[in-house]
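Listed below are the residues making up each chain.
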Amino acid sequence: MQAYSTNHTSPRVSLKEAVLQGMPPDGGLYMPERIPDLPPAFFEALEEYSLQEIAFRVGHSFFKAEVPENDFRDLIEQAINFEAPVVSLGEELSILELFHGPTLAFKDFGARFMARLMSYFIRNDERELTILVATSGDTGSAVAHGFLGVPGIRVYILYPRGKVSTIQEKQFTTLGRNITALEVDGNFDDCQRLVKAAFTDPDLNQAMALTSANSINIARLIPQSFYYFSACARVRNRKKPVVISVPSGNYGNLTGGLIARRMGLPVARFIAASNANDIVPAYLASGDFAPRDSVATISNAMDVGNPSNFARMLDMYRHDLSAMRADLAGSSWTDEQTREAIREVWDSYGYLMDPHGAVGYLALRDYMRSHPESGTGLFLETAHPAKFLETVGPLVEESVKIPDRLESALHKEKLSVPLSSGFDELKSYLLAR
Ligand SMILES: *Cc1c(COP(=O)(O)O)cnc(C)c1O
């Protein structure tokens, strides 16, 4: 299949090229030229399919021409090797838990799939692929774990010294093998600037095959459609269409849902659930897209002031606001409301939400109250609550159990390489590898 840029000026490329390039030269985002329709038989059998089987069928409908069936099955088995269970809190309220991967957040789906796909595409190349990624926290650990031990690929993660939490830092600095963490004496913007400078540096590009692994890669978007199919087949009340609330920052997760719907999944409505960074809900209300500096909240993975995937959403709806509104509602919630929701759901159901999922819950509850006949409700839990102990701990009486995967990283030795924020030091470091 071919991919085009949402800016429509760069030439079309194959999906393989789009995955390896990351971003088109015109600064848009790649989209698949066609969103395949899945056959009725697929939807009839949906309840019987495992998440892996769904991932295989949905994913292969995009990558048919690029990856033969058996190879694609192997790839899915390695990438999607954890579950996405649905937990019901009542007849009309379900939770899709997306935190059962190695870094306990939904970004594991995209990062693992992208890593395996890139490795597959370069399997016959002589040169190793070098991935550079700047992180302020969560993306770094998902990417690091996604690529850990993947043949033919080296990963360098640049992160700002002293500006990520201890848990986050331990998750990507203790891995070793093909993953190197570079601890930059600067802030996140410095890390991004260094990565950008590296991509445009002729000497580095001569010496190594460089690419990025950031969230706008099409290979991270497509796997974020898989679990919507399994979730809709697993909600308690399957007689009604499902209303799905997605806690959002860069809107990759939500765009994955819109793609699933275009492929034929019957979803009544999506809800863009945001914290104080309410750029998309504000757009849905007013028709004005007004990016601005992000503000810090307790659902910090959603602190985005200029959501990158909005370009894909606009493109999917041909810039037609009323068409987008028909599929998508939106609302935004304060930290205080988020804390109250965590407490309330814990007290009523004994279920502990993380701050991101709690924003999804609030938006869903509000929507269902004002649209009581609209369907059955589902919200996405995008991270394990133990990743946000400082926030959720004080809200509940019981102590929060830290999963072993997280706990064991805390006891490992940090292996990062200190760097200044000057480009020359990064450049000579990389050239010496
Ligand atoms: C990244 C992230 C989000 C936001 O997802 P987008 O695809 O950027 O909208 C929500 N919750 C958690 C825990 C995340 O890590």
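From a predicted model like this one, the values you see are computed outputs, not experimental measurements.

The rules we used
- Residues numbered from 1 in each chain as written.
- Predicted model: local features only at pLDDT ≥ 70, side-chain atom pairs only at ≥ 80, totals over all residues.
- Heavy atoms only, no water.
- Pairing = 2+ DSSP bridges.
- Helix = DSSP H or I, 4+ residues; strand = E, 2+ residues; numbered from the N terminus.
- Axes fitted to C-alpha atoms, helices over the stretch in contact; angles between N-to-C directions.
- Contact = heavy atoms within 4.5 Å.
- Core = buried A, V, L, I, M, F, W, Y, C linked by side-chain atoms within 4.5 Å.
- Buried < 20%, exposed > 50% of the residue type's maximum accessible area, 1.4 Å probe, protein only.
- Expected span 1.5 Å × (residues − 1).
- Near = heavy atom within 4 Å.
- Polar contact = N/O pair within 3.5 Å; in protein donor to acceptor, adjacent residues only side chain to side chain.
- Areas by Shrake-Rupley, 256 points an atom, 1.4 Å probe, with all protein chains shown as cover.
- Nonpolar A, V, L, I, M, F, W, Y, C, P; charged D, E, K, R; others polar.
- Parallel < 35°, antiparallel > 145°, perpendicular 65-115°, else oblique.
- Left-handed = near helix turned anticlockwise from the far one by under 90°.

Notes on the sheet that holds strand S6 (residues 129-134)
Sheet strands associate in pairs through backbone hydrogen bonding, adopting either a parallel or an antiparallel arrangement.
Part 1 of the argument: Read from one edge to the other, the open sheet built from five strands follows the order S9-S6-S7-S8-S14, with strand pairing classed as parallel. The sheet is open, and its two borders are formed by strand S9 (209-212) and strand S14 (417-419), each paired with just one other strand. Strand-to-strand, the axes of this sheet are offset by a mean angle of 30°, without reference to chain direction.
Part 2 of the argument: Here S6 pairs with strand S7 (residues 153-160) via six bridges, running parallel. Bridge pairing links Ile131 to Val155 in S7.
Part 3 of the argument: The sheet contacts of helix H6 (residues 138-147) involve S6, S7 and strand S8 (179-184), and relative to S7 the element is tilted by about 165°.
Part 4 of the argument: Across the sheet, helix H8 (residues 188-199) lies against S6, S7, S8 and S9, angled at about 150° from S6, the strand it touches most.

Concerning the sheet that holds strand S12 (residues 328-332)
Part 1 of the argument: Strands sit in the order S4-S5-S13-S10-S11-S12 across an open sheet of six strands; the sheet is mixed. With one partner strand each, in any of the chains shown, strand S4 (86-90) and S12 form the two edges of the open sheet. For this sheet, the mean inter-axis angle between neighbouring strands, taken without regard to orientation, is 25°.
Part 2 of the argument: Strand direction decides the pairing type here: strand S10 (residues 242-247) and strand S11 (residues 267-274), joined by six bridges, are parallel.

Concerning the nonpolar core
Part 1 of the argument: In terms of nonpolar packing, the biggest core is built from 97 residues, with Phe63, Phe147, Phe229 and Ile244 touching the most fellow members.
Part 2 of the argument: A per-element tally of this core places helix H5 (residues 107-121) first, with eight residues.
Part 3 of the argument: Apart from the residues lying within four places of it in its own chain, the contact partners of Ile244 are Tyr228, Cys232, Val267, Arg269, Phe270, Ile271, Leu378 and Leu380.
Part 4 of the argument: Residues Leu89, Trp333, Ala386 and Val396 belong to the second largest nonpolar core, which totals 35 residues.

Some points on the pairing of strand S1 (residues 2-5)
Part 1 of the argument: Across two bridges, S1 lies against strand S2 (residues 13-14) in antiparallel orientation. Across the sheet, Gln2 pairs through a bridge with Ser14, a residue of S2.

Some thoughts on H5
Given 3.6 residues per helical turn, the α-helix brings residues three or four places apart onto the same face.
Part 1 of the argument: The first and last C-alpha atoms of H5 sit 21 Å apart over 15 residues, in line with the 21 Å expected at 1.5 Å per residue.
Part 2 of the argument: Counted residue by residue, H5 has 15 buried out of 15 residues, so it is predominantly covered.

With respect to the site of the ligand
Part 1 of the argument: Around the ligand, a shell composed of 15 residues is seen, among which Lys107, Gly249, Asn250, Tyr251 and Thr382 lie nearest.
Part 2 of the argument: Between an oxygen atom of the ligand and a main-chain N or O atom of Gly249, the distance comes to 2.8 Å.
Part 3 of the argument: In the complex, 96% of the free accessible area of the ligand, which totals 380 Å², lies under the protein chains.
Part 4 of the argument: Residues of the shell around the ligand, tallied by class, amount to six nonpolar, seven polar and two charged.

Observations concerning the packing of helix H3 (residues 51-63) against helix H11 (residues 226-234)
Part 1 of the argument: In the contact formed by H3 and H11, the axes pass within 8 Å of each other and the chain directions differ by 130°. The orientation of H3 with respect to H11, classified from their angle, is oblique. Handedness of the H3/H11 crossing: right-handed. Where H3 approaches H11, its residues Leu51, Ile54, Ala55, Val58 and Gly59 are matched on the opposing element by Phe226, Tyr227, Phe229, Ser230 and Arg234.
Part 2 of the argument: The class makeup of the residues in the contact of H3 with H11 is seven nonpolar, two polar and one charged.

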